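Analysis of the macromolecular model
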Amino acid sequence: MLVALTGTPGTGKSTAGELLRSGGWTVIELSDLVRQGKVSTVLDRERDSLEVDTDELDEVVRSSLPEGDAVLVGHLSHFLSVDLVIVLRCRPSVLADRLRSRGWSDRKIRENIEAEGCDVILVEAVDSDAEVAEIDTTHLSAEGTAAAIEEVLAGEREKYAVGHVDWSDEVMSWF
Ligand SMILES: Nc1ncnc2c1ncn2[C@@H]1O[C@H](COP(=O)(O)OP(=O)(O)OP(=O)(O)O)[C@@H](O)[C@H]1O
Ligand SMILES: [Mg+2]
């Protein structure tokens with residue numbers, strides 16, 4: 001089974017991915033493939049980010065995958081050919097704190113908490129052909145998040161069904 005572990009930046013994908021790797025899962029951090037120059041990129045100066053062709057990324061991942069199950073970690077992973085997408089979620093105000101402690105600019109924080117508040121990645125994931133689950137990490141430790149992911153990987157779906165996370169109370173307070 002190929003699994004995408006996705007979510008807005010700062011939701012804890014890489015931290016949880018490392019814990020899954022320690023637990024014996026094959027975990028591929030997509031940003032490593034980009035950093036290693038295995039995928040071509042275009043610099044988006046306006047957004048200060050690297051644009052990646054997800055079709056090319058898909059090809060590169062497929063050609064470098066070992067046999068068996070694997071978890072693909074990254075905020076573009078839900079665009080790849082996977083069987084299951086796990087979306088990590090975080091309440092925007094808490095996400096803002098996490099991004100601030102990484103030293104991110106106010107503009108980048110704003111852009112990302114808006115995306116989280118409007119379910120951008122969840123909606124993109126639901127638009128794919130894969131099964132989707134979402135995990136609210138707001139009150140979870142990194143270990144708790146990894147444990148919830150393991151539950152989904154073990155087949156739990158109802159507890160993490162799409163639609164149980166809702167930031168509309170907080171989003172409405174922005175207006
Ligand atoms: N469950 C958690 N609770 C609180 N803080 C967390 C949790 N998981 C990760 N963090 C912290 O939040 C920050 C972002 O975590 P991480 O780098 O894993 O996010 P990410 O989703 O991989 O982000 P990116 O998309 O930018 O790679 C880190 O400083 C990390 O220590
Ligand atoms: Mg990461």
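Residues numbered from 1 in each chain as written. Chains lettered and ligands numbered in written order. Predicted model: local features only at pLDDT ≥ 70, side-chain atom pairs only at ≥ 80, totals over all residues.

What to know about the site of ligand 1
Quick reminder of the rule: In this analysis, residues qualify as near a molecule or strand once their C-beta atom, positioned from backbone atoms, comes within 6 Å of it. Runs of H or I in DSSP of at least four residues are treated as helices and runs of E of at least two as strands, each being numbered from the N terminus. For this classification, Asp, Glu, Lys and Arg are treated as charged, while Ala, Val, Leu, Ile, Met, Phe, Trp, Tyr, Cys and Pro are nonpolar and the rest, including Gly, are polar.
Lining the immediate environment of ligand 1, one finds 16 residues, of which Pro9, Gly12, Lys13, Ser14 and Thr15 sit closest. Among the elements of the structure, helix 1 (13-22) and helix 7 (142-153) are those that each provide at least two residues to the shell around ligand 1. Counting residues per element, the shell around ligand 1 draws most heavily on helix 1, at 3 residues. Along the lines of polarity and charge, the residues of the shell around ligand 1 split into 3 nonpolar, 10 polar and 3 charged.

Details of the packing of helix 4 (residues 92-100) against helix 5 (residues 106-117)
Between two packed helices, what matters for the description is the angle formed by their axes and the separation of those axes. How we decide: Lines fitted to the C-alpha atoms define the axes, with helices restricted to the stretch that makes contact. Angles between their N-to-C directions range from 0 to 180 degrees. Orientation labels follow simple angle bins: below 35 degrees gives roughly parallel, above 145 gives roughly antiparallel, 65 to 115 gives roughly perpendicular, and whatever is left gives oblique. Crossings are classed by handedness, with left-handed meaning an anticlockwise turn of the near helix from the far one by less than a right angle and right-handed meaning a clockwise turn. Contact between two residues is assigned when their C-beta atoms, built from the backbone, lie within 7 Å.
Where helix 4 meets helix 5, the closest approach of the two axes is 9 Å, and the angle between their N-to-C directions is 150°. Comparing their axes, helix 5 and helix 4 come out roughly antiparallel. The hand of the helix 4/helix 5 crossing is right-handed. Contacts from Pro92, Leu95, Ala96, Leu99 and Arg100 of helix 4 reach helix 5 at Ile109, Asn112, Ile113, Glu116 and Gly117. Per-class residue counts for the contact of helix 4 with helix 5 are 6 nonpolar, 2 polar and 2 charged.

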